[in-house]
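# A closer look at the structure
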Amino acid sequence: MKYPMLIAAFVATATGHASAAAYDDLSHGLDANQRGDSDAAVAAFTAALTAGDLNPGMIPNAHVGRAIAYLRQKKCAEAQADVDDATKLKPNYADANSLRVAVDLCFNQPEKAVADFSPLIEASPSKTWLYNERGRLRWRAGDYAGASDDFGKVDHKTFNYQYTVLWLELVRLRAGTLDITQAKRDVSDLNLSDWPEPLFNVYLGEGSPEDAIAAAGRGDERTVRNQQCEANFYLAEWMLVRRDVATAKPMLEQARDKCPKDFLEQSAAEVELGRLK
Amino acid sequence: MNRATNKTLLAVISLGGFLLGQPADADDCTLKRVASVDMTIDSGGGVSVPMTIRGRNVDMLVDTGGYASMVTDSLAKELSLNFLRVSSRVRISMFGGLVIDHYVAVPDIDLGGLKADKLLMLVVPEGRLGNEQGTIAPDILRAYDVEFDFANAKFNLLSQDHCPGKTVYWTKDSYAKVPFTISNGGHIEVPIMVDDQSMRAAFDTGSSTSTMSLETAEKIFHFDEKSPDLKAVNADSSSKDKIYRYPFKSLGFEGVKVNNPDILLFPDNVSRMGSEKLIIGMDVLRQLHLYIAYGEKQLYVTAATAH
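Quick notes on the rules
Residues numbered from 1 in each chain as written. Chains lettered and ligands numbered in written order. Predicted model: local features only at pLDDT ≥ 70, side-chain atom pairs only at ≥ 80, totals over all residues. Helix = DSSP H or I, 4+ residues; strand = E, 2+ residues; numbered from the N terminus. Contact = placed C-beta atoms within 7 Å. Domains from an automatic or database assignment. Nonpolar A, V, L, I, M, F, W, Y, C, P; charged D, E, K, R; others polar. Pairing = 2+ DSSP bridges. Axes fitted to C-alpha atoms, helices over the stretch in contact; angles between N-to-C directions. Parallel < 35°, antiparallel > 145°, perpendicular 65-115°, else oblique. Left-handed = near helix turned anticlockwise from the far one by under 90°.

For chain A, the count of helices and strands is 15 helices and one strand. Dimensions of chain A along its principal axes, counting C-alpha atoms only, are 70 × 40 × 35 Å. A sequence separation of at least 24 residues applies to 44% of the contacts in chain A between residues at least 6 apart.

Structure below.
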């Protein structure tokens, strides 16, 4: 098969021939996934899997690579089939087991995602940052009490721990179990900078959304963009607890459309908007 | 991908027992494989190999661009290992500047039949290694010859005790022989041509992509951040520092040429690459059958699928 967009063409002038075409296809698929070209990735991994001479040890790799590309294309069933094939061949394949959760979410089955994620925690209970991930899955499934339990288990030394606490208070708000005294104690243990303290203040009843929005507007252009993204999401969640969907919805739309793509608030806003439909 | 900025760490980490392999017969030109394991390429593009620690199966990233081998914080805790602080005279940081400041004595290691009673390994914070539980770095690798046979999914360690130059057993066709030096950080460095400009590059199987210092690229290739050829790859991200692609035409070394190499350009304050300005990552390396003769300081290279 031809790869007109192939970026890295190996031309080893002093080397032998390349007869194991399947491996080349696999390599092209990995390249394509890396540059985000899902169509080329699916084509390359499919060629690798059908060529017949791919080393058996690499076949699960090819299935996982193609599943990643299918997920980007929102082809959930195709991705699921590849994840199933990969785990049949290699039952403890961590990459495939992680992808299964993404497949569940592709099908909009957050409860199943929680169930599929849980063995990852059981396998490595000291990876407490994994509770952050499951906590957000449980939030997505509407299991706020379970999410609260998970966020409470995250190690305080985890990177960006203040956001774990923000999520903890958020799901307690949603569950109706927020204890202001306890929450103030949680927050007092944090070494908060100027941001995201204004968001905590709103959750704890010590500041208004207007104060937080004003604070989000302070800083350089990028800082403001990032803070406004977070303000839109976390304040919208607070509005939803107060059943103020009319105010929350445009804020979530702003978060979905304006947040940096690597901010979890961007995808969380998208999820929440989906639930509001 | 971790790099040390002070060589005295060697004294700290060399307390651990070296992995013991089969003794080699000096008069015999046959290559002696001391360990062989199946390898996979993980979803991040890295080389992942199985190992056991105290009988527990773990996956390790093979990282020729590392300095010292590492285990994750969670694995060290699950094994109830005693955390020891790295000497304050030593500073070790990963790509991006994350500081590594603890190490542990890891017991009962078995890597494809190669065993060690105890090995001192650094502790890497969670979330830096994908699904692997540690890395195998040059502190272990350079005691052997190292073979990456990507097409056959095999990672091999071989005795360095063999006839000079008698390493390419997998093909009768010609191959490239590339001399390398070892940097202060223990990395393999090779002279490379990028668009007719000579540079030195580190070979890093722990890096999924090839990367170059943005400042160095601007200086050598005479462009700046306003160049229309320079494309930011993270414009939508939260980072205030942009990472770029530039349309390089070729990258080559001793019989190997890569057309249109995909090299990410990182500002130095983001990558904290130190003296290394160009890293050749897995996007290029996985296209090769790579035999690293650490003893001879030679790379033997063919296409990955040559036989």
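Still more ground to cover, so stick around.
Attention now moves to the domain arrangement of chain B. How big an interface is tends to be expressed through the accessible area that disappears when the partners come together. Residues and elements named next belong to chain B. Annotation of chain B at the domain level lists domain 1 (3–158) and domain 2 (176–303). Listed by partner, the interface residues are 33 residues for domain 1 and 27 residues for domain 2. For the side of domain 1 that touches domain 2, the secondary-structure elements that each account for two or more residues are β1 (3–4), β5 (56–62), α3 (138–141) and β13 (145–149). Here the side of domain 1 that touches domain 2 gets five residues from one element, more than from any other, and that element is β13. Of the residues that constitute the side of domain 1 that touches domain 2, the class distribution is 14 nonpolar, 11 polar and eight charged.

Residues and elements named next belong to chain B. Pairing geometry for strand β6 (residues 70–72) and strand β11 (residues 114–124), over three bridges, is parallel. The partner of Val71 across the bridge, within β11, is Val123. Summarising the sheet, strand β10 (residues 102–111) and β11 pair through eight bridges and their orientation is antiparallel. Across the sheet, Pro107 pairs through a bridge with Lys118, a residue of β11. Linkage of β10 to β11, two consecutive antiparallel strands, is achieved through a turn of two residues, within which Gly112 is found at a positive phi near 55 degrees.

Residues and elements named next belong to chain B. Spatially, six strands are ordered β2-β14-β13-β26-β27-β15 in an open sheet, and the strand pairing comes out antiparallel. Strands at the two margins of the open sheet, each flanked by one partner only, are β2 (33–38) and β15 (176–179). Going from strand to strand, the sheet's axes swing by 15 degrees on average, the running direction of each strand aside. Looking at chain direction, β13 and strand β26 (residues 288–293) are connected through five bridges and run antiparallel. Following the sheet pairing, Val146 is matched in β26 by Ile292.

Residues and elements named next belong to chain A. At a minimum axis distance of 9 Å, the contact between helix α4 (residues 76–89) and helix α5 (residues 94–106) shows a crossing angle of 160 degrees. When the interaxial angle is binned, α4 and α5 end up roughly antiparallel. Taken as a pair, α4 and α5 cross one another with a handedness that is left-handed. Contact residues: Cys76, Ala79, Gln80, Val83, Ala86 and Thr87 in α4; Ala96, Asn97, Leu99, Arg100, Val103 and Cys106 in α5. Counted by class, the contact of α4 with α5 contains eight nonpolar, three polar and one charged residues.

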